[in-house]
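An overview of the molecular structure
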Amino acid sequence: MVIVQKFGGTSVGDLERIQNVANRVSKTLKEGHKVVVVVSAMSGETNKLIAYAEHYTSTPQRSEVDMLLSSGERVTAALLSIALNAIGHPAVSMSGRKAGIVTDNVHTKARIESIDPSAMRAQLDAGNVVVVAGFQGVSEEGNVTTLGRGGSDLSAVALAGALEADLCEIYTDVDGIYTTDPRIEPKAKKMDKISYDEMLELASLGAKVLQNRSVELAKKLNVNLVTRSSFSEAEGTLITKEENIMEKPLVSGIALDKNQARVSLSGVVDRPGIASDIFTSLADASVNIDMIIQTLGHDGKTNLDFTVPKTELLDAQNVVEQFIGKGEISEASYDENICKVSIVGVGMKSHTGVAAKAFQTMARENINIMMISTSEIKVSMVVAEKYSELSVRSLHSAYSLDQ
Ligand code: ADP
Ligand code: ASP
Ligand code: MG
């Protein structure tokens, strides 16, 4: 079999742990498989490099940021390759470019456009382990790009797809996907299986255990994806098609996103096209909008509330100020002390009362809900950040996920 194994930041956090990874890869090799390893930077490294760049300016050139950040993954790729060779397994490391990963030119959040796996194939055929630096690619113009935070997961899934690998294993510091973040709720339970769609919602709604784009791609390419621990032999969680899962709980998991901020606009001129103007300008500034609430207009004015990632609040603020300057918005306020808590489950499709139970749970805890949004398989609520953990734990027990 061809197996792609991805090791996250904690798993390669120091030299000892990289040795441990080499030993794990060795085990897979001895079972007769061909292995492509994808590695993250050592934990904390990417944040450290970002802080270095921001020492000089709060807006470093994104192309330079990519040049800088991509170095973190290269360090671990080279070290792991050296460690593998040292224990008798011939290995070569590759940057994203060498691995054939071509992306668009959107620095710090590039999208993969194509992968040419021939260099990796040649090395595998020659009997080598291929160790690829995750999180990075190269644009048509030859510039180094990175794939957005947590992007090594995406590298792994994309390479598994391009190599038509039999399995893509994501090794991390927890032994699988839990009903909620086990750091917040120790009573969280590990799932044996979860559907692509539920995992995609959980990941998009804040569960950072898998990057959301990696799940999206795994679904599209039908990649057999398993999340497991690099520190134990425990069986992980299979992320698979919904029809492969017999038991469908009403609610499968709870996600928490603390990287949200709320923008509240009042006195917005109530004319056709205003929403289009505001949100087009925000999109042009690369601001990702999540929930939107517009209230009924009065006297030609309306109110508009929406959420954006905290990291994009400054960009959003700049756009809003322009509309205030033009007299199309009277006032704006910004709240960074919020969070989004979500319940996810395919069972919601066919059952009523799931959302009501979430609202009752919050009411019982006296937690005020500021915004609500729903889809077929999720209910999200914005609440004050100080209630984040309480909300997660209360919902977790309300849907009996700890049983
Ligand atoms: P890596 O560095 O290996 O990529 P991450 O830190 O990105 O690892 O993701 C693993 C972390 O995700 C866990 O330590 C855990 O705290 C967090 N997490 C959030 N939600 C969940 C969940 N539902 N199941 C498992 N882990 C989760
Ligand atoms: N090192 C990158 C990050 O911290 C990519 C990754 O770990 O997946 O976001
Ligand atoms: Mg990660």
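Residues numbered from 1 in each chain as written. Chains lettered and ligands numbered in written order. Predicted model: local features only at pLDDT ≥ 70, side-chain atom pairs only at ≥ 80, totals over all residues. Heavy atoms only, no water.

With respect to the pairing of strand β6 (residues 129–133)
The condition that has to hold: A simple rule labels every residue: compare its accessible area, found with a 1.4 Å probe on the protein chains alone, to the largest value its type can have, and call it buried under 20%, exposed over 50%, or partly exposed in between. A run of H or I in DSSP counts as a helix once it spans at least four residues, and a run of E counts as a strand once it spans at least two, with each numbered from the N terminus. If DSSP finds at least two bridges between two strands, the strands pair.
The element β6 is largely enclosed, with a buried count of five among its five residues. Side chains Val 129, Val 131 and Ala 133 of β6 all project onto a buried face; the interleaved residues Val 130 and Val 132 project onto the opposite face, where all are buried too. Across four bridges, the pairing between strand β2 (residues 34–39) and β6 is parallel. From the neighbouring strand, Val 39 faces β6, where its bridge partner is Ala 133. Bridge count between strand β3 (residues 91–94) and β6: four bridges; the pairing is parallel. Considered in β6, the bridge of Ala 91 is made with Val 129.

Structural notes on unusual backbone geometry
In this structure, Ser 286 takes a positive phi of about 60 degrees despite not being glycine. Within the secondary structure, Ser 286 is located in the loop between α8 (274–284) and β15 (292–294). Backbone geometry at Asp 299 places phi at a positive 50 degrees, although glycine is not the residue there. Here Asp 299 shows up in the loop between β15 and β16 (301–309). Taking the relative accessible area as the measure of exposure, Asp 299 reaches 79% and is therefore exposed.

Some thoughts on the site of ligand 1
As a reminder of what qualifies: The cutoff for a nearby residue is simple: one of its non-hydrogen atoms must lie within 4 Å of the molecule or strand. Polar contact is defined as a pair of N or O atoms within 3.5 Å, subject to the rule that within protein one atom must be able to donate a hydrogen and the other to accept it, and that residues adjacent in sequence are counted only when both atoms are side-chain atoms. Calculation of accessible area relied on Shrake-Rupley with a 1.4 Å probe; when residues are assessed, cover is drawn exclusively from the protein chains displayed. Just so you know the grouping, Ala, Val, Leu, Ile, Met, Phe, Trp, Tyr, Cys and Pro go in nonpolar, Asp, Glu, Lys and Arg go in charged, and all remaining residues, Gly too, go in polar.
Among the 17 residues in the neighbourhood of ligand 1, the closest are listed as Thr 172, Asp 173, Tyr 178, Asp 181 and Arg 183. Residue Lys 208 places a side-chain N or O atom 3.2 Å away from an oxygen atom belonging to ligand 1. For ligand 1, whose accessible area on its own is 580 Å², the fraction buried by protein is 89%. Classifying every residue of the shell around ligand 1 by side-chain character gives six nonpolar, six polar and five charged.

Details of the sheet that holds strand β8 (residues 144–146)
To keep it simple, the criterion reads: Where helices are involved, their axes are fitted lines through C-alpha atoms of the stretch in contact, as for all axes, and angles between N-to-C directions lie from 0 to 180°.
Pairing in this open sheet of four strands is mixed, and the strands run β5-β4-β7-β8 from one edge to the other. Two strands close off the open sheet at either side, each with one partner strand: β5 (112–115) and β8. With direction set aside, neighbouring strand axes in the sheet form an average angle of 45 degrees. Sheet analysis places strand β4 (residues 101–103) next to strand β7 (residues 136–139), joined by two bridges and oriented parallel. Note on β7: the bridge partner recorded for Thr 103 is Ser 139.

Observations concerning the layout of surface pockets
Spelled out, the test is: Method remark: on a 1 Å grid restricted to protein atoms, a set of points is classed as a cavity if a 1.4 Å probe fits but cannot get out and as a pocket if it is open with protein on both sides within 12 Å along at least five of seven lines; lining residues have an atom within 4 Å of a point. Grid points are joined across faces, edges and corners, and a volume is the space filled by probe spheres set on the points.
Quantified by volume, the second largest pocket comes out at close to 500 Å³. Around the second largest pocket sit 25 residues that line it, and Met 191, Lys 193, Glu 247, Pro 249 and Ser 252 are the ones nearest its centre. Here the element with the most residues in the lining of the second largest pocket is strand β10 (residues 193–195); it accounts for three residues. Among the residues forming the lining of the second largest pocket, the class breakdown is 11 nonpolar, five polar and nine charged.

Some details on the site of ligand 2
Residues in contact with ligand 2, as listed here, are Ser 40, Thr 46, Glu 73, Phe 135, Arg 149, Gly 150, Gly 151 and Ser 152. In this structure, an oxygen atom belonging to ligand 2 sits 2.6 Å away from a side-chain N or O atom of Arg 149. At a separation of 3.4 Å, an oxygen atom of ligand 2 approaches a polar backbone atom of Gly 151. Protein contacts shield 86% of the accessible area of ligand 2, which totals 260 Å² for the unbound molecule.

Considerations on the pairing of strand β11 (residues 225–229)
The buried count for β11 comes to five of five residues, which makes it a mostly enclosed element. Residue alternation in β11 divides its side chains into two sets, Leu 225, Thr 227 and Ser 229 and Val 226 and Arg 228, and both sets are buried. Where strand β9 (residues 167–172) lies against β11, five bridges are found, and the strand directions are parallel. Across the sheet, the residue bridging to Glu 169 is Val 226, located in β11. The sheet contact formed by β11 and strand β12 (residues 237–240) spans three bridges and is antiparallel.

A closer look at the sheet that holds β15
Strand pairing in a sheet relies on backbone hydrogen bonds, with the paired strands running either antiparallel or parallel. What counts here: Throughout, a contact is declared for two residues whenever any of their heavy atoms are within 4.5 Å.
On the basis of which strands lie adjacent, the open sheet formed by four strands has the order β15-β16-β14-β17 and antiparallel pairing. For this open sheet the edge positions go to β15 and β17 (329–335), each flanked by a neighbour on one side alone. Between one strand and the next, the sheet's axes are offset by a mean angle of 15 degrees, whatever the strand orientation. By the bridge criterion, eight bridges tie strand β14 (residues 260–269) to β16 in an arrangement that is antiparallel. Across the sheet, Ser 264 pairs through a bridge with Asp 305, a residue of β16. Those strands touched by helix α9 (residues 313–325) are β14, β16 and β17, and its axis lies near 165 degrees from that of β17.

Here we look at α8
Stated formally: By construction, the arc corresponds to the directions joining the helix axis to the C-beta atoms.
Listing the buried residues of α8 in full gives Ile 274, Ile 278, Phe 279 and Leu 282. The buried side chains of α8 occupy one side of the element, clustering within an arc of 110 degrees when seen end-on. Each element contacted by the buried residues of α8 is listed here: β14, β15, β16, α9 and β17. Directly beyond the C-terminal end of α8, a positive phi value near 60 degrees is found at Ser 286.

Notes on the nonpolar core
To keep it simple, the criterion reads: Here, nonpolar core means buried Ala, Val, Leu, Ile, Met, Phe, Trp, Tyr and Cys residues that are tied together by side-chain atoms lying within 4.5 Å of each other.
Core analysis: the largest hydrophobic core is formed by 40 residues, its most contacted members being Val 4, Cys 168 and Met 199. Taken together, the elements giving at least two residues each to this core come down to β1 (2–7), β2, α4 (118–125), β6, α5 (152–162), β9, α6 (196–204) and α7 (212–221). Take this core: its biggest share by element is six residues, from α5. Those residues within four positions of Met 199 in sequence are excluded, and the remaining contacts are Ile 177, Ile 194, Val 209, Leu 210, Val 215 and Ile 239.

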